[in-house]
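This is what each chain is made of:
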Amino acid sequence: MSSSSNPEIVQRAPQVCSHCKSIKKGCDKKLPSCSQCIKRRAICRYGETLEPRRYGDEIVRAASPNVGASGSVSTWTSIPRSVLGTLDPTMRLSILLTNSISDLVHTSVLQTNARRPPPSMHAIFYSQVGNIVQTDGQYFESILTRYFDGVHIWLPILSRKRFYDRLKVLPSEPSADFSVLLLAMRLITQHPSSNSEMNQDREILYLATKTLFAQVQAFVPSSLCLVQTGILLAHYENGHGMAEAAYVTIGMSSRMVHALGIEEATCSKKIQGSDEWYDEEEALSTWWGLVICDRIIALNPDISNRPLATRSICGEDHLPLEPEDLSGQGGETTSFQYRYPVSATSLASLGSFGRDAQATYLMEKVRNAIQAGQVYGDNLVVLGSELQSVLGMVMTQTAGRCGVYCGSSQMLIAAMYDLHHSAATVPDDHISSGSAESIRITLKTITRMVIDVAYAFNAESASLDMGRVSPYIAHVVKCANQHIMMRGHSQRDQWYRDFEELKKMLEYYSLRWIGPGQELQRLMQNLGTSGS
């Protein structure tokens, strides 16, 4: 009998794979990968135990759209990856977006006997997002876990309680703006990769998110979800070296904030713990997230001379609550007898988000002083002392370790550097020789501080959660350039060791964000042209 008449014996696993189990699909248990995983290009694993249940897991599973139920063939997955990789990004984006509505087309257009009303606009966007998310084997459950365990730590603009409240009703009441927010959360949790195919997928995901973000704005009124989506997109763009795109995105989000009337958001006067209270406090947190993002983008040298997207910070603006205060977890909600303004910089104990707000407030005061040419005399002393005082309290709270206060410490260091670097350019007849020497020493001290931070950061980098690394790197770049200018000084061996630590820290950041890698290349160019 010929070999062709002997069918190959298919090996099968004793139980279904974790992927099919999670999406409740039939698994043929083929080895090494089942047919469902091959079709969806998902990672097929057998014998995995389920992860411990986390807050909101049941809600997430219920909210995940049941995509692929129509039995239609996916255009995206039917094209070999080797072919997709050769296509222009515009073509790949078009294929992905077409694929994302293939189920709806099949059920609502091609199945003429189906007696059901046509899907609503909100249902269409919800289905699209679900399909796009699942093309690479990702699901809402893992995305939200990574987001709240990572990005939410340094960008707490969402009320976790209200988010899961909305997610719970999403299947029965689809929402276009909430759906595109989910897609932005997927985008910002994706890291760069050494694999070119995965980086191409990340680029297409970014383009898809931008496209759906624009489409949703054309169909639905401005909303808090759309503002939050814009903030996530702007952070993603700025962190990946797209400062121009980030500037445009944050400006668009600022217009929506103005349209919604939350530009003057303040602490809620509603009954604490009520839905209205959570919504108003979330609006205040979102406004601060918008302002902080706007000021961080403005630190980019290519953007620094442009007008800000948001209004000036007032000293009376209330500080935002911390993410745990809006999570709805842990039983009784903390009682807030008094809400401090952002100008209360003498507070010794304050959460990380509140410190970020204060650092942004002081950074704006530095920006205003530089633009007004008031960076000498008493103005320099008073503002410099306030920056040093708040930075000292932050360093005390961090106990010298990398953690949730990194954002505020980085912004404060960048503000101190900008203030004294501008003061160093003031004409000699405006400052005394003693002040000039003090400015020079301060710049050197700030640079030394960042170098010491780099040593500490690199020593702990192996144990750091990369998902919690924020894209704030302006302080490192500014002080690294300052260090390059001191290249001709004595102790050259120590100078090179210090520069290697700065370089190593930027290299670590570049594993999470592309922007730091680009800045590192510029630094190396500056090093090459500065002379020996």
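K.L.:
Is there a simple way to explain the overall build of the chain in this structure?
P.N.:
Helix and strand counts for the chain stand at 22 helices and 0 strands. A total of 532 residues make up the chain; the buried ones form 50% of that total. Look at the contacts in the chain between residues 6 or more apart in sequence, and 71% of them connect residues 24 or more apart. As displayed, the chain offers around 24,800 Å² of accessible surface, 54% of which is attributable to carbon and sulfur atoms.

K.L.:
Would you mind going over the packing of aromatic side chains with me for this structure?
P.N.:
By convention here, two paired aromatic rings are described through the distance between centres and the angle between planes. Within the structure shown, the criterion is met by 15 aromatic pairs. Plain terms: the ring middles of W287 and W288 are 5.0 Å apart, the flat faces sit at 75° to each other, and that makes the pair edge-to-face. In this structure, W287 and W288 share a single accessibility class: buried. Centroid distance F457 to Y509: 5.4 Å. Interplanar angle 20°. Geometry classified as stacked.

K.L.:
So what exactly am I meant to see when it comes to the nonpolar core here?
P.N.:
Soluble globular proteins tend to bury their nonpolar side chains together. Core analysis: the largest hydrophobic core is formed by 129 residues, its most contacted members being Y147, F163, L182, M185 and L232. Counting residues in each nonpolar core, the second largest holds 6 residues, with C17, C20, C27 and C44 among its members.

K.L.:
I keep staring at the environment of V450 and nothing clicks. Help me out?
P.N.:
The topology assignment puts V450 in helix 19 (residues 433-460). Classification of V450 by relative accessible area gives buried; the value is 1%. Separated by 28 residues in the primary sequence, V450 and K478 have C-alpha atoms spaced 9.7 Å apart. For V450, the contacting residues outside a window of four places in its chain are I413, H475, V476, C479 and L502.

K.L.:
I would appreciate a short explanation of the pattern of salt bridges in the present structure.
P.N.:
Any two side chains of opposite charge can pair if their charged atoms end up close together. Per the counting criterion, the structure on display carries 23 salt bridges. Among the ionic pairs, R306 bridges to E244, the shortest N-O distance being 2.9 Å. Here R306, found in the loop between helix 15 (275-298) and helix 16 (352-372), pairs with E244, found in helix 14 (residues 243-260); they are 62 residues apart in sequence, far enough to count as distant. Its relative accessible area of 28% is what places R306 among the partly exposed residues. Because the salt bridges share partners, they merge into one network encompassing K161, R162, D165, R166, D275, D279 and E282.

K.L.:
Explanation requested: the packing of helix 17 (residues 377-398) against helix 18 (residues 406-423) in the structure shown.
P.N.:
Helix-helix packing: each pair is described by the crossing angle between the helix axes and the interaxial distance. Running from N to C, helix 17 and helix 18 cross one another at 155°; their axes reach a closest spacing of 10 Å. With respect to helix 18, the element helix 17 is oriented roughly antiparallel. For the crossing formed where helix 17 meets helix 18, the hand is left-handed. Packed against helix 17, whose contacting residues are L380, L383, G384, L387, Q388, V390, L391, V394 and M395, the element helix 18 presents S408, S409, L412, I413, A415, M416, L419, H420 and A423 at the interface. Of the residues that constitute the contact of helix 17 with helix 18, the class distribution is 13 nonpolar, 5 polar and no charged.

K.L.:
Looking at this structure, how should I read helix 12 (residues 196-219)?
P.N.:
For an α-helix, 3.6 residues make a turn, and residues three or four places apart therefore share a direction. Along its 24 residues, helix 12 runs 35 Å from first to last C-alpha, staying within 8% of the 34 Å computed at 1.5 Å per residue. By the burial criterion, the buried members of helix 12 are D201, R202, I204, L205, Y206, A208, T209, L212, F213 and V216. The distance from a side-chain oxygen at the start of helix 12 to the backbone nitrogen of M198 is 3.2 Å, and the residue carrying that oxygen is N195.

K.L.:
Please clarify how unusual backbone geometry should be interpreted in this entry.
P.N.:
Glycine aside, a negative phi is what most residues show, and trans is what most peptide bonds show. Residue K29 is not a glycine yet carries a positive backbone phi of 60°. Relative to the elements of secondary structure, K29 occurs in the loop between helix 1 (18-23) and helix 2 (35-40).

K.L.:
Sorry if this is basic, but what is going on with the confidence of the model for the chain here?
P.N.:
Reading fine detail from the predicted coordinates is not recommended where pLDDT is low. For the chain, the mean per-residue pLDDT works out to 84, and 84% of the residues sit at or above 70. pLDDT under 50 marks residues 49-53. Its contacts with residues more than four places away, or in other chains, come to 2 contacts. Note on residues 68-73: pLDDT is under 50 here. Beyond four places in sequence and across chains, it has 14 contacts.

K.L.:
Explanation requested: the packing of helix 11 (residues 176-188) against helix 12 in the structure shown.
P.N.:
At a minimum axis separation of 10 Å, helix 11 and helix 12 run at an interaxial angle of 160°. Relative to helix 12, the element helix 11 is oriented roughly antiparallel. Helix 11 and helix 12 meet at a crossing whose hand is left-handed. Residues A176, D177, V180, L183, A184, R186 and L187 of helix 11 pack against R202, L205, Y206, A208, T209, L212, F213 and V216 of helix 12. Its residues assigned to classes, the contact of helix 11 with helix 12 comprises 11 nonpolar, 1 polar and 3 charged.

K.L.:
I tried to follow the environment of Q494 on my own but got confused; where do I start?
P.N.:
Mapped onto the secondary structure, Q494 falls in helix 21 (residues 492-509). A polar side-chain atom of Q494 sits 2.8 Å from a polar atom in the side chain of R497.

K.L.:
Got a minute to help me understand the side chain of R295 in this structure?
P.N.:
Counting through the fold element by element, R295 comes out in helix 15. For R295, a relative accessible area of 3% gives the class buried. Ignoring anything within four residues of it in the chain, the contact list for R295 reads L308, T310, R311, S312, I313, T360, M363 and E364.

Rules of the game
Residues numbered from 1 in each chain as written. Predicted model: local features only at pLDDT ≥ 70, side-chain atom pairs only at ≥ 80, totals over all residues. Heavy atoms only, no water. Helix = DSSP H or I, 4+ residues; strand = E, 2+ residues; numbered from the N terminus. Buried < 20%, exposed > 50% of the residue type's maximum accessible area, 1.4 Å probe, protein only. Contact = heavy atoms within 4.5 Å. Areas by Shrake-Rupley, 256 points an atom, 1.4 Å probe, with all protein chains shown as cover. Phe/Tyr/Trp six-rings, centres within 6.5 Å; stacked < 30°, edge-to-face > 60°. Core = buried A, V, L, I, M, F, W, Y, C linked by side-chain atoms within 4.5 Å. Salt bridge = Lys/Arg side-chain N within 4 Å of Asp/Glu carboxyl O. Axes fitted to C-alpha atoms, helices over the stretch in contact; angles between N-to-C directions. Parallel < 35°, antiparallel > 145°, perpendicular 65-115°, else oblique. Left-handed = near helix turned anticlockwise from the far one by under 90°. Nonpolar A, V, L, I, M, F, W, Y, C, P; charged D, E, K, R; others polar. Expected span 1.5 Å × (residues − 1). Polar contact = N/O pair within 3.5 Å; in protein donor to acceptor, adjacent residues only side chain to side chain. pLDDT = per-residue confidence, 0-100.

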